[in-house]
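Here is how the chains run, residue by residue.
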Amino acid sequence: MSNLFSSERSTSRRGFLRGSAALAIALPSAAEILSSCTESKASKVPEEHSTPEHAAAAPAPLTARAKADAMDAMHEKGVKAFPAKTRGKGNQLLQSRLQGGVKVYDLTCTEVDWEVEPGRTVKAWTYNEQLPGPQLRVREGDRVRVNVKNELSQSTAVHFHGLELPNNQDGVPFITQPPIKPGESFTYEFVVPNAGSHMYHSHHNAAFQCGMGLLGAFIVEPKDTRNEPKVDVDYVMILNDSMHGYTLNGKSFPATEPLVAKLGQTIRIRFMNEGMMIHPMHLHGMHMTVIAKDGWDQPAPWKCDTLNIAPGERWDVIVKATNPGTWAFHCHILPHAESEHGMLGMVTALVVQG
Amino acid sequence: MSNLFSSERSTSRRGFLRGSAALAIALPSAAEILSSCTESKASKVPEEHSTPEHAAAAPAPLTARAKADAMDAMHEKGVKAFPAKTRGKGNQLLQSRLQGGVKVYDLTCTEVDWEVEPGRTVKAWTYNEQLPGPQLRVREGDRVRVNVKNELSQSTAVHFHGLELPNNQDGVPFITQPPIKPGESFTYEFVVPNAGSHMYHSHHNAAFQCGMGLLGAFIVEPKDTRNEPKVDVDYVMILNDSMHGYTLNGKSFPATEPLVAKLGQTIRIRFMNEGMMIHPMHLHGMHMTVIAKDGWDQPAPWKCDTLNIAPGERWDVIVKATNPGTWAFHCHILPHAESEHGMLGMVTALVVQG
Amino acid sequence: MSNLFSSERSTSRRGFLRGSAALAIALPSAAEILSSCTESKASKVPEEHSTPEHAAAAPAPLTARAKADAMDAMHEKGVKAFPAKTRGKGNQLLQSRLQGGVKVYDLTCTEVDWEVEPGRTVKAWTYNEQLPGPQLRVREGDRVRVNVKNELSQSTAVHFHGLELPNNQDGVPFITQPPIKPGESFTYEFVVPNAGSHMYHSHHNAAFQCGMGLLGAFIVEPKDTRNEPKVDVDYVMILNDSMHGYTLNGKSFPATEPLVAKLGQTIRIRFMNEGMMIHPMHLHGMHMTVIAKDGWDQPAPWKCDTLNIAPGERWDVIVKATNPGTWAFHCHILPHAESEHGMLGMVTALVVQG
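Residues numbered from 1 in each chain as written. Chains lettered and ligands numbered in written order. Predicted model: local features only at pLDDT ≥ 70, side-chain atom pairs only at ≥ 80, totals over all residues. Heavy atoms only, no water.

## Structural notes on the interface of chain B and chain C
Then comes step 1: Counting residues at the interface gives 52 residues for chain B and 52 residues for chain C.
Then comes step 2: Both sides of the chain B and chain C interface together cover about 4300 Å² of buried area, and 58% of this is carbon and sulfur.
Then comes step 3: Of all residues in chain B, F174, I175 and W296 of chain B bury the most surface against chain C, accounting for 17% of the area lost on that side.
Then comes step 4: For the interface between chain B and chain C, the tally reads four salt bridges.
Then comes step 5: Between D72 of chain C and K181 of chain B there is a salt bridge whose closest N-O contact spans 2.7 Å.
Then comes step 6: At the level of elements, β6 (158-161), β7 (185-191), α5 (206-212) and β16 (296-304) of chain B are the ones that each hand at least two residues to the side of chain B that touches chain C.
Then comes step 7: Of the residues forming the side of chain B that touches chain C, the biggest block, four residues, is contributed by β7 of chain B.
Then comes step 8: Residue composition of the side of chain B that touches chain C, by class: 19 nonpolar, 22 polar and 11 charged. (Contact = heavy atoms within 4.5 Å. Buried area = accessible area lost by both parts, 1.4 Å probe. Salt bridge = Lys/Arg side-chain N within 4 Å of Asp/Glu carboxyl O. Helix = DSSP H or I, 4+ residues; strand = E, 2+ residues; numbered from the N terminus. Nonpolar A, V, L, I, M, F, W, Y, C, P; charged D, E, K, R; others polar.)

Structure (structure tokens):
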């Protein structure tokens, strides 16, 4: 873990981010903002350390100060390492193949080594070697075929969580289909019946298999887009708290991905909880307007800065990027976000480029 | 536990269900649907196991396959055993005696042996030897008398959770009444002040006594029924996570009771959490429209497929049975619903008879 | 702990409360109501203990009865001790100093001994030796300066949770400012941008520092008060579940503070969760109308009697004091509120003076 916060890594991270096409908006700016933030002077200059009342008890305070400095250094290194480079990126948009009017997707379940954060690599069960699995994005009314190939040691099945499919496409072994045995394949095919932010994941030995990573986002755009909010950034954030630790889109801070927007832009965030615990996500600096629950429009959107997301739930929110700067964005169950060694797990940032 | 999944039991279960008057709609159909589901072929035929790339490493995969088969067999037996026969059924409607215009109910608190699932019998503290206790169902404005007799080893008291009663009927020892000592009785009497899905339960040493089973549903139909949804099935689902394990209406999967409706019917589900943990209940295949919280109408009903229910909360939802088939319906904190030995605990099914 | 429930303490408590200016409404009445409640006779007289069916097995029941009596006595003593006198009171309104049109507040972070309940004193990290820290109450558009002096052994920083401040006032070390080192000071200054029920707390090693007590309420009254509910009692209730145990405003039952209102009055409660767990707060006898989330008006207020509050969340509710009496008001995760030794932790009472 000693390399986790190294400045070398920080340097190579920037190079990595410059070359990455994953973010629509160039990330060097984000990194630069972050750097400038950690160096910036706040509005008031701190007083000298040796104020009279503290100078009196010099030796003990010095030791305390050394301890405080050591703790602060760990915090600083974590922040400076963000967003840290790691191997592998999940939730990448998967392009479909068109076959006779059907959008075809191929998903292969395999075990891979997954780098959750720099220096911490775990065994993960993935779709197409991604964690979260590739993002499937279709339109209401599309005919979709999903070919699932199981290369794992256990049987599995795919449940399209939130889609109101015909029963035999629901993915629950022995209730709607036989399990997909190791080495075998299974094909799901359906007309997409309802819009919204949905998920696909294992529904067989699922406490284990979802914990190990067999999950992904299934986004359905509505046929009638007149009521859709116009957004500049459309972001999926999948929460998990499994054997891989506390993660956002399969990564732990400082390897989580920042959200980036330009001042004045509109962001849609699609929260999805694939874990076993609630996670109240707190955004600094701006509020969120909640527009949908489990893919269904809320009848009256409402505002908050901390949104409690329970396992299996999806919540869509709109954020207006009105406040420039780099803003902490984290689970407010604090042990999911910080320890005395610094920020960890379910922490990312919203970067509003002024 | 070896008998838990036996086919004999499955057979006798069907007989049991045929003879049961507990479900308004004959359950053999549900069981038949379940059977047909587990035997049905999904839309695509799985590929042969011995595909070339897997045939290469024959011996190891065979072992993995054998392990996978063994796990799958456990899952299959659980599903096939559902709904498994157990002794005792809670939440049965209790008819009142009319005495001078007062609806009188008698509740006796006793310890019983309660079969949570086949082969697992626990000590339970019950009202009228039921877990949950008998369902009390009255109308707003009714005068109600509840005679409580305590045959337990501890004192107790009954709190009518959600009813806005006169203070001395609130059931909190030393604040509103003396405790009901072992062997003694106490009578509550009040005019029912507000409608909705409420509960009655112990409010004395309650972490223990509610955990042990001293709880039940108290449903109040409104005086003015013009705004009440017209429903074909009105179902109470009480969640618990106590010393009896994860239960729905006092039973664990596969002994949980399926909800059954005919295609096109409307179901009202009244969720009530009597446990110590949240339970986000996820319905497959159809969405839920949330119409009331703690017995109070939501000003703007909203839709979801996963509803987070916290301890002490009640949520009323409407489900339109539009999608035929047998649908998994479970807590989405996955360890509350499944292990490598199969589905467990807070799992049931909604059976929509096409 | 033997002194916890002593009647002496109860007596001195009443004297304490008579002399306290902390509650707008004189508390002796509340204590008197409580006393009268525990002595009041409920509507029906309990039957004699020696009913025939119990007389048969005399010796064993007597032992059980003795055990039940012992348990009941512990419960009774806890209730009679409420509200128990303890040293220290948090969440006291802090008056600002006006300097050139700026409202100035001084906050000093120190470690103190904090009496959570009679006989249980813990180390706490506090703002101005209060837990919760002093209540800051300002108006939207006010210019505010907060001088923070850190006399703790760790560095710290203050995040104004919910306020949409300029980035360099956001209080996140290494992202928006350097940490405030032990012995040093830092000044925040900003124009208050948005109304509502907010919080201020440590954002450095915060799982520890917030757990230890570095937190307080930051209430912002709106510029335009036309839509503000007119209330007689405006109450902040901060939930915590840290190393200090389950607390409401820094105290555990029976040392929690009752809410007191006269019949017909209107109460606003501002719930704030500074802990790591959810707490579904249940009010007996009356419902709550939810009007705001995280300081933002709910578009359509809704009613409940059990409100689930997640870490970081604030919920504002209105209670109409229509039902006279002393009403239990507690977290419905029952182990947070009761054990076999009596009520504990997150329990208080709403006293409606008839």
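Alright, that's what it looks like, and here's the rest.
## Overview of the relation of the copies chain A and chain C
Then comes step 1: With an axial shift of 0.0 Å and an RMSD of 0.0 Å, the rotation relating chain A to chain C amounts to 120°. Viewed as a symmetry operation, the transformation between the two copies matches a three-fold axis. No C-alpha of chain A lies nearer the rotation axis than that of A300 of chain A, which sits 4.3 Å from it.
Then comes step 2: When the interface residues of chain A are mapped onto chain C, a mere 4% of them are again interface residues, pointing to distinct binding faces. (Least-squares fit on C-alpha atoms with pLDDT ≥ 70 in both.)

## Some thoughts on the sheet that holds strand β18 (residues 314-320) of chain B
Residue and element names in this part refer to chain B.
Then comes step 1: Ordered in space as β11-β10-β13-β18-β15-β16, the six strands form an open sheet in which the pairing is mixed. Because the sheet does not close on itself, it has two edges, and the strands there are β11 (245-248) and β16. For this sheet, the mean angle separating the axes of adjacent strands, direction not counted, is 20°. (Pairing = 2+ DSSP bridges. Axes fitted to C-alpha atoms, helices over the stretch in contact; angles between N-to-C directions.)

## Observations concerning the interface of chain A and chain C
Then comes step 1: Across the boundary between the two partners, chain A contributes 52 residues, which contact 53 residues of chain C.
Then comes step 2: Of the roughly 4300 Å² buried where chain A meets chain C, counting both sides, 58% is carbon and sulfur surface.
Then comes step 3: In this structure, the connection of chain A to chain C is made through four salt bridges.
Then comes step 4: Across the pair D305 of chain A and R314 of chain C runs a salt bridge, and its minimum N-O distance is 2.7 Å.
Then comes step 5: Linking chain A to chain C there are 23 residue pairs in polar contact (both at pLDDT 80 or more). (Polar contact = N/O pair within 3.5 Å; in protein donor to acceptor, adjacent residues only side chain to side chain.)

## Quick look at the sheet that holds strand β11 (residues 245-248) of chain C
Residue and element names in this part refer to chain C.
Then comes step 1: A sheet is described by the order of its strands in space; here six strands give the open sequence β11-β10-β13-β18-β15-β16, paired in mixed fashion. Of all strands in the sheet, those with a lone pairing partner are β11 and β16 (296-304), marking the two edges. With strand direction ignored, the average angle separating the axes of adjacent strands in the sheet is 20°.
Then comes step 2: Bridge count between strand β10 (residues 233-242) and strand β13 (residues 266-273): seven bridges; the pairing is parallel.

## What about the packing of aromatic side chains?
All names here are of chain A.
Then comes step 1: The tally for this structure, following the rule as stated, stands at 30 aromatic pairs over all chains.
Then comes step 2: Plain terms: the ring middles of W302 and W315 are 6.0 Å apart, the flat faces sit at 85° to each other, and that makes the pair edge-to-face. Residue W302 is located in strand β16 (residues 296-304), and its partner W315 is located in strand β18 (residues 314-320); the two are separated by 13 residues in the primary sequence.
Then comes step 3: Note on W315: relative accessible area 9%, which makes it buried. (Phe/Tyr/Trp six-rings, centres within 6.5 Å; stacked < 30°, edge-to-face > 60°. Buried < 20%, exposed > 50% of the residue type's maximum accessible area, 1.4 Å probe, protein only.)

## Regarding the relation of the copies chain B and chain C
Then comes step 1: Once turned by 120° and shifted 0.0 Å along the axis, chain B lies on chain C with an RMSD of 0.0 Å.
Then comes step 2: The two copies present different faces, since only 4% of the interface residues in chain B are matched by interface residues at the equivalent positions in chain C.

## Quick word on empty space enclosed by the protein
Then comes step 1: This model, assessed by the stated rule, comprises 16 cavities of 30 Å³ or more.
Then comes step 2: Taken as a whole, the largest cavity encloses approximately 610 Å³ of empty space.
Then comes step 3: Lining of the largest cavity is provided by 30 residues; of these, W302 of chain A, W302 and W315 of chain B together with W302 and W315 of chain C occupy positions nearest its centre.
Then comes step 4: Only β16 and β17 (306-309) of chain A, β16 and β17 (306-309) of chain B together with β16 and β17 (306-309) of chain C provide two or more residues apiece to the lining of the largest cavity.
Then comes step 5: Each residue belonging to the lining of the largest cavity can be placed in one class, and the counts come to 17 nonpolar, seven polar and six charged.
Then comes step 6: Lining the second largest cavity are H201, S202, H203 and A206 of chain A together with H330, H332, L334, A337, E338, M343 and V347 of chain B.
Then comes step 7: By residue class, the composition of the lining of the second largest cavity is five nonpolar, five polar and one charged. (1 Å grid on protein atoms, 1.4 Å probe; cavity = no way out; pocket = protein on both sides within 12 Å on 5 of 7 lines; lining within 4 Å. Points joined across faces, edges and corners; volume = space filled by probe spheres on them.)

## Thoughts on the environment of Y235 of chain C
Residue and element names in this part refer to chain C.
Then comes step 1: Tracing the sequence through the fold places Y235 in strand β10.
Then comes step 2: Residues Y235 and P132, 103 residues apart in the sequence, show an inter-C-alpha distance of 13 Å.
Then comes step 3: What Y235 contacts, discounting residues up to four positions off in sequence, is N249, E257, L259, R268, I269 and R270.

## Observations regarding the pairing of strand β15 (residues 288-293) of chain A
All names here are of chain A.
Then comes step 1: In terms of residue burial, β15 counts as a mostly covered element, since five of its six residues are buried.
Then comes step 2: Note that β15 and β16 share five bridges and pair antiparallel. The residue of β16 that forms the bridge with K293 is W296.
Then comes step 3: Hairpin remark: β15 followed by β16, antiparallel, with two residues in the connecting loop; positive phi at D294, about 55°.

## Some thoughts on the pattern of salt bridges
All names here are of chain A.
Then comes step 1: Taken as a whole and judged by the stated rule, the model has 75 salt bridges over all chains.
Then comes step 2: Note that E313 is salt-bridged to K293, the shortest N-O span being 3.3 Å. With a gap of 20 residues between them, E313 in the loop between β17 and β18 and K293 in strand β15 connect regions that are remote in the sequence. The exposure classification of E313 matches that of K293, with both residues buried.
Then comes step 3: Here D294 and R314 are joined by a salt bridge, their closest N and O atoms 3.5 Å apart. Taken as a pair, D294 in the loop between β15 and β16 and R314 in strand β18 lie far apart in primary sequence, 20 residues in all.

## Description of the environment of E257 of chain B
Residues and elements named next belong to chain B.
Then comes step 1: Relative to the elements of secondary structure, E257 occurs in the loop between β11 and β12 (259-262).
Then comes step 2: It is 9.4 Å that separates the C-alpha atoms of E257 and L350, two residues lying 93 residues apart in sequence.
Then comes step 3: Polar side-chain contacts of E257 include one of 2.8 Å to the side chain of K89.

## Brief notes about the side chain of H284 of chain C
Then comes step 1: Note on placement: H284 of chain C falls in the loop between β14 (279-283) and β15 (288-293).
Then comes step 2: Polar side-chain contacts of H284 of chain C include one of 2.6 Å to the side chain of D170 of chain B.
Then comes step 3: When neighbours within four sequence positions are excluded, H284 of chain C is seen to be in contact with H159, D170, V172 and H203 of chain B together with W327, A328 and H330 of chain C.

## Focus: the pairing of strand β22 (residues 347-353) of chain B
Residues and elements named next belong to chain B.
Then comes step 1: Extensive coverage of β22 is indicated by the burial of seven of its seven residues.
Then comes step 2: Burial along β22 is two-sided: V347, A349, V351 and Q353 facing one way and T348, L350 and V352 facing the other are all buried.
Then comes step 3: Bridge analysis of β12 against β22 gives four bridges, and the strand direction is parallel. Paired with A261 across the strands is V352, a residue of β22.
Then comes step 4: In this sheet, β22 lies alongside strand β19 (residues 325-331) in antiparallel orientation, the contact comprising six bridges. Bridge pairing in β22 places T326 opposite V351.

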